[in-house]
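Here is what each chain is made of, one letter per residue.
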Amino acid sequence: PDRIMSAPERKSKKGRPSHEEEMEEKEEEEELRFEDPFSDEEVDEDMDDGEGQGEEEDDGGMDVEDDDDDEDEENPTKQVFVPGTALQDGEELVVDNSAYEMLHRMNVEWPILSFDFLPDSLGQQRTKFPLTCFAVGGTEADSPKNNKLVLMRMSQMHRTKHDDAELSDSEESDEDDLDDDAELQHVSIRHNGCVNRVRAMPQEAGIVASWSETGKVHVWDLTQPLRTLERQGSPAPNFAAEPVFTCSRHGTEGFAMDWSHVEAGRLATGDNSSAIFKWSKGEGGQWAVDSAPFKGHGGSVEDLQWSPTELEVFASCSSDKTVRIWDARKKQGSALHIEAASTDVNVISWNSKVTYLLASGDESGTFKVWDLRSFASGQPVASFSWHTKPITSIQWNPEQPSMIAASCADDQVSLWDLSLEKDSEAEAQMQADGSAVPQLPPQLIFVHQGQHDVKEVRWHPQCPGVLGSTAGDGFNIFRTINAA
């Protein structure tokens, strides 16, 4: 198993010369790893590094360190960094590990554009460290033939919150903070074409759907390699598999894809030519795709979400600036639609607990929350413009209905609690004490940084507060002190 370590440096292999066949398997074994610049002899805790920023009252996230002279370097002045603030000469950003309960960072051979956590049999509501998580990701390689799906088992992930702390003789480290190397096992399955999006069926972990840049959508049965990973052995790095079903009806590539949580095997996919197709799994495991697509959008279908409670209802968003609600029994025209932005609407998420709430994120960096009971009014119940570039993914917390995570092309992953309100009394007291009042939305509780070109963020469905984020330079898995 590879070691989970910190402060990774991405070693991209794009543009590399071709290698001899006998070298390929060795490279497969080394393509995914966690890195640590410190050896076990040099640290008392399992060292993991990352970059994040929390609310000022949490004293978390990214710190600004001033190292103008030798004395300052020994005793640097630190303050919470707010994204958008210009660094002064001699200042640098350093991570504050106390802002995270856990933070692990992984190097990848090729960027993983899309990933999904896999349901497992290890139990619900897992909070005790060390944690184990399973995930599947899809790559963007230098040529179509080098792409792959990657099954990952990330285990022995201990708490990293106290990595910066020096315990006194009277203090004892918790068992959760043991300085043991976390482990990563992975299995790769060759995939023709860049994986635009990958999603696992929630009712059956081994069934995975992938959107290829070739314009085809594949369904894979990866039960066998997943069981190999679950046995905690050291599996072979490659697994030979072919899709159990491939749909070529789209004719062009796309990104939109979602499995229904109400009925196993029900899938919706949308393409760049505005078509949406509905899938189903029949008796005997036979897959079927409707012959006629759903039509209504005037641009590419960017994202899809099935209703968490209604079998025949799903939502879509598009580059035509709209969000639409569909009756799956009717192909021509959506049941409801609104113009949700002045630009492309990139992503949507349906709240699984408060099922009348839908969130959307757009190309301008704004995300909005819609109440479906008043959807036709076209007025969101909340709108946030913290981000400065396109929103790349958004997802409600599956257990905390007021919490939502968003990733953005501005290299931030932001966490929000929409139940919070502005505390005027606290601000007045800060002003009376001569303290600066941070100019932050009261609902913004954390900003995770340190990744470049962030593509997706997802909550783990069985480990409360645990998030994964994938970007052009690697994969992070973390839990913040205020999102558990």
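Residues numbered from 1 in each chain as written. Predicted model: local features only at pLDDT ≥ 70, side-chain atom pairs only at ≥ 80, totals over all residues. Heavy atoms only, no water.

1. Some remarks on the overall build of the protein
A tally of helices and strands in the protein yields four helices and 34 strands. For the protein, the proportion of its 484 residues judged to be buried stands at 52%. Within the protein, contacts between residues separated by at least 24 positions form 62% of all contacts whose residues are at least 6 apart in sequence. When the accessible surface of the protein is totalled, it reaches about 21000 Å², and 43% of it is carbon and sulfur. (Helix = DSSP H or I, 4+ residues; strand = E, 2+ residues; numbered from the N terminus. Buried < 20%, exposed > 50% of the residue type's maximum accessible area, 1.4 Å probe, protein only. Contact = heavy atoms within 4.5 Å. Areas by Shrake-Rupley, 256 points an atom, 1.4 Å probe, with all protein chains shown as cover.)

2. Focus: the sheet that holds strand S23 (residues 336–339)
Sheet architecture is open: four strands sit in the order S20-S21-S22-S23, paired in antiparallel fashion. Two strands bound the open sheet, and with one partner strand each, they are strand S20 (301–306) and S23. Sheet twist, expressed as the average angle between the axes of neighbouring strands with direction ignored, equals 15 degrees. Pairing of strand S22 (residues 322–327) with S23 involves four bridges; the strand directions are antiparallel. Counterpart to Ile325 in the pairing with S23 is Leu336. (Pairing = 2+ DSSP bridges. Axes fitted to C-alpha atoms, helices over the stretch in contact; angles between N-to-C directions.)

3. What about the state of the cysteines?
A complete count under the given rule lists zero disulfides for this structure. Free cysteine Cys463: the closest other cysteine sulfur is in Cys133, separated by 4.2 Å. (Disulfide = S-S within 2.5 Å.)

4. Brief notes about helix H4 (residues 424–432)
For H4, the N-terminal cap is Asp423; the gap from its side-chain oxygen to the backbone nitrogen of Glu425 is 3.3 Å. Backbone geometry just after H4 places Gly434 at a positive phi near 85 degrees. (Polar contact = N/O pair within 3.5 Å; in protein donor to acceptor, adjacent residues only side chain to side chain.)

5. So, the packing of aromatic side chains
One pass over the full model with this rule turns up 14 aromatic pairs. Both rings, one in Tyr100 and one in Phe478, keep their centres 6.0 Å apart while their planes meet at 90 degrees; by these two values the pair is edge-to-face. Highlighted residues: Tyr100 in strand S7 (residues 100–107) and Phe478 in strand S34 (residues 474–480), separated in sequence by 378 residues. Judged on exposure class, the residue Tyr100 and its partner Phe478 are both buried. Ring geometry for Phe294 against Trp326: centres 5.8 Å apart, planes inclined by 75 degrees, an arrangement best described as edge-to-face. Linking Phe294 in the loop between strand S19 (287–289) and S20 with Trp326 in strand S22, this pair joins segments that are 32 residues apart in sequence. (Phe/Tyr/Trp six-rings, centres within 6.5 Å; stacked < 30°, edge-to-face > 60°.)

6. Quick word on the confidence of the model for the protein
Predicted confidence across the protein gives a mean pLDDT of 85, with 80% of residues reaching 70 or more. Segment residues 25–30 is flagged for pLDDT under 50; beyond a separation of four residues in sequence, or across chains, it makes 14 contacts in the model. (pLDDT = per-residue confidence, 0-100.)

7. Considerations on helix H3 (residues 223–230)
Each α-helix turn comprises 3.6 residues. Residues three or four places apart therefore point the same way. Those residues of H3 that sit buried are Pro225, Leu226 and Leu229. End-on view of H3: buried residues confined to an arc of 100 degrees, all on one side of the axis. Facing away from the buried side of H3, by more than 90 degrees, are the exposed residues Gln224 and Arg227. (Arc of directions from axis to C-beta.)

8. Side note on the sheet that holds S19
Taken together, the four strands give an open sheet; going across it, the order is S16-S17-S18-S19, and neighbouring strands pair in antiparallel fashion. On the outer flanks of this sheet lie strand S16 (254–259) and S19, each paired with one strand and no other. The mean inter-strand angle of the sheet, taken between neighbouring strand axes irrespective of direction, is 20 degrees. The sheet contact formed by S16 and strand S17 (residues 267–271) spans five bridges and is antiparallel. For Ala256, the partnering residue across the bridge sits in S17 and is Gly270.

9. Re the pattern of salt bridges
A full pass over the atoms with the stated rule returns 17 salt bridges. For Glu109, the salt bridge goes to Lys148, with nearest N and O atoms at 3.4 Å. Pair noted here: Glu109 is in the loop between S7 and strand S8 (112–117) and Lys148 is in strand S10 (residues 148–157), with a separation of 39 residues, a long-range link. In this structure, the salt-bridge partner of Asp290 is Lys278, at a minimum N-O distance of 3.9 Å. Of the two residues, Asp290 is situated in the loop between S19 and S20 and Lys278 in strand S18 (residues 276–281); the sequence distance between them amounts to 12 residues. Linked by salt bridges that have partners in common, Arg197, Arg199, Asp303 and Glu456 make up one network. (Salt bridge = Lys/Arg side-chain N within 4 Å of Asp/Glu carboxyl O.)

10. As for the nonpolar core
Formed by 21 residues in total, the largest nonpolar core has its most connected members in Met154, Met157 and Ile477. Among the elements that line this core, the one with the most residues is S10, at four residues. The contact partners of Ile477, leaving out residues within four places of it in the chain, are Met102, Leu103, His104, Phe117, Cys133, Met154, Met157, Val466, Leu467 and Gly468. (Core = buried A, V, L, I, M, F, W, Y, C linked by side-chain atoms within 4.5 Å.)

11. Details of the environment of His460
Structurally, the position occupied by His460 is in the loop between strand S32 (454–459) and strand S33 (466–471). Leave out the neighbours within four places in its chain, and His460 touches Phe117, Asp120, Arg126, Cys133, Pro398 and Val466. A polar atom in the side chain of His460 sits 3.0 Å from the backbone nitrogen of Gln462. At 3.2 Å, the side chain of His460 forms a polar contact with the backbone nitrogen of Cys463.

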